[in-house]
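Observations on chain architecture
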Amino acid sequence: MKEKTWAQYLEEKEEREYRQRQEDRKKEVLAAVMPVLNAFGITDVDYVIEETQHVLIVEGVQISSCEYNSMQAIMQEVAGYIFAKRWIPTHRKKKDPCIDSCVERITEHWKEEER
């Protein structure tokens, strides 16, 4: 059995630490958003860490690409989701230009098909 070189050892250690930081970030985000979303009966939530981005997904809607966002920015996205998808009565969404403008602003970073 061939021993690892120092460079290989450091590379593996770095990879393990990176994965641990990503897992810790996921736990931190979900611990912060779940109580707020659960209060509105929303339980379908995930924080997906991909190679190039981190994404908060609520009820199948990608609401935030939040790799470099602060927890405050993520919570603002969550509040926007609750406002746009749960709080505004459906009958008002179609008739009020002010609400249309607000929803458009809140959802501007969501995927187009999920607005």
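Quick caveat: nothing in here was measured; it's all calculated off a predicted structure. (Residues numbered from 1 in each chain as written. Predicted model: local features only at pLDDT ≥ 70, side-chain atom pairs only at ≥ 80, totals over all residues. Heavy atoms only, no water.)

Describing the packing of aromatic side chains
Basically, it comes down to this: Aromatic pairing here means that ring centres of Phe, Tyr or Trp (its six-membered ring) are within 6.5 Å. Orientation follows from the plane angle: under 30 degrees is stacked, over 60 is edge-to-face, and everything else is tilted. Each helix is a run of H or I in the DSSP string that is no shorter than four residues. Each strand is a run of E no shorter than two, and both are numbered from the N terminus. In this scheme, a residue with accessible area under 20% of its type's maximum is buried, one over 50% is exposed, and one in between is partly exposed, where area comes from a 1.4 Å probe on protein chains only.
The final tally for this structure, using the stated rule, is two aromatic pairs. Plain terms: the ring middles of Phe83 and Trp87 are 5.3 Å apart, the flat faces sit at 20 degrees to each other, and that makes the pair stacked. On the criterion of helical spacing, the pair formed by Phe83 and Trp87 is a turn pair, its members being four residues apart in helix H2 (residues 71-87). Trp87 sits in the exposed class, given a relative accessible area of 58%.

A look at the nonpolar core
Stated formally: We define a nonpolar core as any set of buried Ala, Val, Leu, Ile, Met, Phe, Trp, Tyr and Cys residues linked to one another through side-chain atoms lying within 4.5 Å. Contacts are assigned to residue pairs with any non-hydrogen atoms lying within 4.5 Å of each other.
Of all hydrophobic cores here, the largest spans 18 residues; its most connected members are Val33, Leu37, Val45, Leu56, Val58 and Ile63. Every element with two or more residues in this core is listed here: helix H1 (6-39), strand S1 (45-49), strand S2 (54-58), strand S3 (61-65) and H2. It is H2 that contributes the most residues to this core, six residues altogether. Sequence-distant contacts of Leu37, that is, excluding residues within four places in its chain, are made with Ile42, Val45, Val58, Val78 and Ile82.

Here's the deal with the environment of Thr43
Checked against the element boundaries, Thr43 lands in the loop between H1 and S1. Owing to a relative accessible area of 59%, Thr43 belongs among the exposed residues under this scheme. In this structure, the C-alpha to C-alpha distance between Thr43 and Val58, residues 15 residues apart in sequence, is 8.2 Å. Non-local contacts of Thr43, meaning those with residues more than four positions away in its chain, are made with Met34 and Asn38.

Focus: the confidence of the model for the protein chain
For clarity, the threshold we go by: Confidence scores labelled pLDDT are given residue by residue by the predictor and lie between 0 and 100.
Mean pLDDT over the protein chain stands at 82; residues scoring 70 or higher make up 83%. When pLDDT is averaged over each element of the protein chain, H1 comes out on top at 92 and helix H3 (residues 90-93) at the bottom at 65.

Here's the deal with a nonpolar patch on the surface
Operational definition: Exposure above 30% relative accessible area and the absence of a salt bridge qualify a residue for a patch, where like charges join within 9 Å and nonpolar side chains (Val, Leu, Ile, Met, Phe, Trp, Tyr) within 5 Å. Values of accessible area rely on a 1.4 Å probe in the Shrake-Rupley scheme; residue burial ignores everything except the protein chains shown. Between Lys or Arg on one side and Asp or Glu on the other, a salt bridge is scored when a side-chain nitrogen of the former is within 4 Å of a carboxyl oxygen of the latter.
On the surface, a cluster of nonpolar side chains totalling about 350 Å² of accessible area is made up of Trp6, Tyr9 and Leu10. Among the secondary structure elements, Tyr9 is positioned in helix H1.

Describing the pairing of S2
Note the cut-off: Pairing between two strands requires that DSSP report at least two bridges joining them.
The element S2 is extensively covered by neighbouring structure, given that four of its five residues are classed as buried. Strand direction decides the pairing type here: S1 and S2, joined by five bridges, are antiparallel. Bridged to Ile49 within S2 is His54.

Quick word on H1
This is how the line gets drawn: Multiplying one less than the number of residues by 1.5 Å gives the expected span of a helix. What we call the bend at a residue is the angle made by axes fitted to the seven residues finishing there and the seven residues starting there.
Look at H1: 50 Å from first C-alpha to last across 34 residues, which is about the 50 Å you get at 1.5 Å a residue. If you look at H1, its biggest bend is around 35 degrees, right at Val33, and the proline Pro35 turns up within four residues after that. Where H1 is buried, its residues contact S1, S2 and H2. Phi turns positive, to about 75 degrees, at Gly41, one or two residues after H1.

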